[in-house]
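Now for the letters of each chain:
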Amino acid sequence: MRLVGLTGGIASGKSTVSNLFKSHGFPVVDADLVARYVLKKDTGGYNKVVAAFGEEILEADGEVDRPKLGRIVFSDNAKRQVLNRLLAPYISSGIFCEILKLWLKGYKVIVLDIPLLFETKMDKWTKPVVVVWVDTETQLQRLMARDGSTEEDARNRINAQMAMDLKRSKADIVIDNTGSLEDLEEQFRKIGDETFIIAALMAMRHPKSIVLSGALTALIVMTVLSTGLGRIVPNLISRKHTNSAATVLYAFFGLRLLYIAWRSDSKSSQKKEMEESFILTFLAEWGDRSQIATIAV
Ligand SMILES: CC(C)(COP(=O)(O)OP(=O)(O)OC[C@H]1O[C@@H](n2cnc3c(N)ncnc32)[C@H](O)[C@@H]1O)[C@@H](O)C(=O)NCCC(=O)NCCS
Ligand SMILES: Nc1ncnc2c1ncn2[C@@H]1O[C@H](COP(=O)(O)OP(=O)(O)OP(=O)(O)O)[C@@H](O)[C@H]1O
């Protein structure tokens, strides 16, 4: 199973991107929804929070007055830490339950939309991490427009999170959402392929299977090519020369593979691994007697 992290700053457009993921068939676990659920009346989280913050945070029907609690915790660091500490175990087990349900339904790739992914260090469970980024001014304007909040309130909320630029530097994939919604969709389409490739490759439990699929493809292509070549140019290359060329090329690509593995990160090296296993098998088979025999036959 592969967990794809989706995060960003407040009002950077995570929910908008998460809807795009959903429309492409990816299941999404929304941490804000889980956090909302664990603060519902008479739940464990609710009881702890009311005990710590007092009944003045409640509405007439006994539910938590969320905007009021928001104003309290986003203007006071210490109080926000208290709220975070009280709710964290409920939120993480809620997220875990949602993942479990989706896993039982057979999903192999699950998107986790978690605003505080880096702050709570949950990013260590997710790969790749997609960060939806906007510049602070756009973020502020969109936040005030969406929530009808004052500039002070909006700034408090923005400042309660890790800086957007720091989040961006920790991303595997960045979606720049400073443009229009059409621009966002266009970007999603572009990264959609990349994300899909990364997710699909990583969803494979063993990297060996990547190597295996590359090698198998090489064998199939090689056999088809050899048969064709055998028909067209029976004596194209002498066996002595093929063996020498294969040895040199094998050594060259082997050394190149080691160099790439040393230089690159694991994400790109997995893609390279498949290419390299294709090339290595292809070249190794080229000098192999069975391929010569295929050509001869
Ligand atoms: C303080 C609360 C009641 C305010 O509720 P409100 O309906 O006004 O906001 P909402 O829950 O929709 O959150 C909006 C956004 O605020 C940001 N945010 C929420 N909680 C926090 C937090 N503790 N620290 C920093 N940013 C936060 C997120 O970007 C989130 O998407 C609520 O946000 C809350 O219970 N927060 C604590 C739980 C939490 O950490 N949630 C984030 C899930 S990872
Ligand atoms: N490219 C865009 N152009 C204009 N408005 C946008 C764009 N992307 C998102 N918005 C708007 O900005 C606001 C914030 O977007 P969204 O709710 O998706 O952010 P979010 O990151 O999920 O917020 P939160 O952290 O509060 O959950 C919404 O009103 C949304 O409609």
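Residues numbered from 1 in each chain as written. Chains lettered and ligands numbered in written order. Predicted model: local features only at pLDDT ≥ 70, side-chain atom pairs only at ≥ 80, totals over all residues. Heavy atoms only, no water.

Looking now at the packing of aromatic side chains. Here the structure, examined in full by the defined rule, presents two aromatic pairs. Between Phe 21 and Phe 26, the aromatic rings sit 5.5 Å apart at their centres with planes inclined by 90°, giving edge-to-face as the arrangement. Judged on exposure class, the residue Phe 21 and its partner Phe 26 are both buried. Aromatic pair Phe 21 and Phe 188: ring centres 4.9 Å apart, planes at 90°, arrangement edge-to-face. With Phe 21 in helix α1 (residues 14–23) and Phe 188 in helix α9 (residues 181–203), the pair connects residues that are 167 residues apart, well separated along the chain. By the burial criterion, Phe 21 is buried, and Phe 188 matches it. (Phe/Tyr/Trp six-rings, centres within 6.5 Å; stacked < 30°, edge-to-face > 60°. Buried < 20%, exposed > 50% of the residue type's maximum accessible area, 1.4 Å probe, protein only. Helix = DSSP H or I, 4+ residues; strand = E, 2+ residues; numbered from the N terminus.)

With the rule as written, the count across this model stands at eight salt bridges. Taking the shortest distance from any N to any O, the salt bridge between Asp 172 and Lys 127 comes out at 3.0 Å. Taken together, the residues span a long stretch of sequence, with Asp 172 in the loop between α8 (164–169) and β5 (173–176) and Lys 127 in the loop between β3 (109–113) and β4 (129–133) at a distance of 45 residues. A relative accessible area of 23% places Asp 172 in the partly exposed class. The closest approach of N and O atoms between Arg 146 and Asp 147, which form a salt bridge, is 2.8 Å. (Salt bridge = Lys/Arg side-chain N within 4 Å of Asp/Glu carboxyl O.)

What follows concerns the pairing of β3. Most of β3 sits out of view: five of its five residues are buried. Side chains Val 109, Val 111 and Asp 113 project from β3 onto one buried face, and the interleaved Ile 110 and Leu 112 project onto a second face that is buried too. In this structure, strand β1 (residues 2–8) lies alongside β3, joined through five bridges in parallel fashion. Considered in β3, the bridge of Gly 5 is made with Leu 112. Pairing of strand β2 (residues 28–30) with β3, which is carried by three bridges, proceeds in the parallel orientation. Paired with Asp 30 across the two strands is Asp 113, which belongs to β3. (Pairing = 2+ DSSP bridges.)

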